[in-house]
Amino acid sequence: MWPFDQIDRLENATGLDAVAERIKPVLETLLADQRVTDFLHGVWLGHPLHPVLVQVPVGAWTSAAVLDAVPGQQRAAGLLIGVGLAGAVPAVAAGWADWSQQDTQQQRTGLAHAAANVVASGLYVGSLVARARGRHGLGRSLAYAGYALAGAAATVGGHLAYRQAAGPSHAVPHAEIAPPGWSDIGPVEELPDGSPTLRRVEEVELFVLRRGTDVAVMIDRCSHASGPLHEGSLSTVNGEQCVTCPWHGSVFRVRDGAVVHGPATAPQPAFEVRVEDGRLQVRLPGLSMG
Ligand code: FES
């Protein structure tokens, strides 16, 4: 349905790729510090930070739109427009951090989302300038145009998040089809010692790491974008065994799947393990029946 079918076309708009290629090196420089990128992705929060931060401009600009319809409230509306513009700055920073680790089709949609927001912000700046010059009618019109465009940008952002799955955990769908109760995945002695290996329980791919008698098991597909963790590299962070995803470098603690570094923000579902007659058995907490 128009205009939503136009949004579908954005992800195949190859003309945006040249723009993306110009932006990427700039972001690589700006986002070189792992602590900054982890903060902007929302690793510390355990959830993507960008959708949290956009509440400020969305809320402020919605309130401004309401106040602009009330006689005598133009000054308050202008103040809220300013709050929205200030609140957009950290939201934009978090958005670009996420964009830098998305796939090509997601980045095309993300560019359209960003472009619409840039124009919307420009209209709001114009609105403030017009109000400062006493042209309140023009200021109100520019603000409503900005609000409409910001709404369109939010719709494109929703497409990016829901249709193109930029943001949700890609590990959870695998965990959801894990069989309840204990599942046998074979003799412990057959597992390589000290290097990750891939095992399956029915349709579910498992990352398995044995170190002597100690075995850790979690969903193999990375929560960020489904990278195969068993192909990742091992390291020790703060004394804990970790694995780095081969696709975008998220780091997970092997013991419990916790996120150590982003872009992932959702942990890897980790399994309970036990050994019965020399065979490794696993079950996912919350699904156990036996
Ligand atoms: S798939 Fe992106 S970090 Fe793993």
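Up top is the structure these notes are about.
Here is what the cut-offs are and how they apply
Residues numbered from 1 in each chain as written. Predicted model: local features only at pLDDT ≥ 70, side-chain atom pairs only at ≥ 80, totals over all residues. Heavy atoms only, no water. Helix = DSSP H or I, 4+ residues; strand = E, 2+ residues; numbered from the N terminus. Buried < 20%, exposed > 50% of the residue type's maximum accessible area, 1.4 Å probe, protein only. Contact = heavy atoms within 4.5 Å. Pairing = 2+ DSSP bridges. Axes fitted to C-alpha atoms, helices over the stretch in contact; angles between N-to-C directions. Parallel < 35°, antiparallel > 145°, perpendicular 65-115°, else oblique. Left-handed = near helix turned anticlockwise from the far one by under 90°. Nonpolar A, V, L, I, M, F, W, Y, C, P; charged D, E, K, R; others polar. Salt bridge = Lys/Arg side-chain N within 4 Å of Asp/Glu carboxyl O.

Right, let's talk about the side chain of Thr109 for a bit. With respect to the helices and strands, Thr109 occurs in helix H7 (residues 104–132). Its relative accessible area of 0% is what places Thr109 among the buried residues. Among residues more than four places away in sequence, those in contact with Thr109 are Leu10, Glu11, Val156, His159, Leu160 and Gln164.

Moving on, we get to the pairing of strand E9 (residues 272–276). It is a general feature of regular strands that their side chains alternate between the two faces of the sheet. As paired elements, E9 and strand E10 (residues 279–283) share 5 bridges and run antiparallel to each other. Considered in E10, the bridge of Glu276 is made with Arg279. Where E9 folds back onto E10 in an antiparallel hairpin, the turn is made up of 2 residues, including Asp277, whose phi is positive at roughly 55°.

So, about the packing of helix H5 (residues 55–67) against helix H8 (residues 136–163). At a minimum axis distance of 10 Å, the contact between H5 and H8 shows a crossing angle of 140°. Comparing the axis directions of H5 and H8 gives the class oblique. Where H5 crosses over H8, the handedness of that crossing is left-handed. Here H5 contributes Trp61, Thr62 and Ala65 to the contact with H8, which in turn contributes Tyr144, Tyr147 and Ala150. Residue composition of the contact of H5 with H8, by class: 5 nonpolar, 1 polar and no charged.

Per the counting criterion, the structure on display carries 14 salt bridges. Where Arg283 meets Glu272, a salt bridge forms, and the shortest distance between an N and an O atom there is 2.6 Å. In this pair, Arg283 is assigned in strand E10 and Glu272 in strand E9, connecting sequence segments 11 residues apart. Given a relative accessible area of 34%, Glu272 falls into the partly exposed group. The structure contains a network of salt bridges with shared partners spanning Glu240, Arg253, Arg255 and Asp256.

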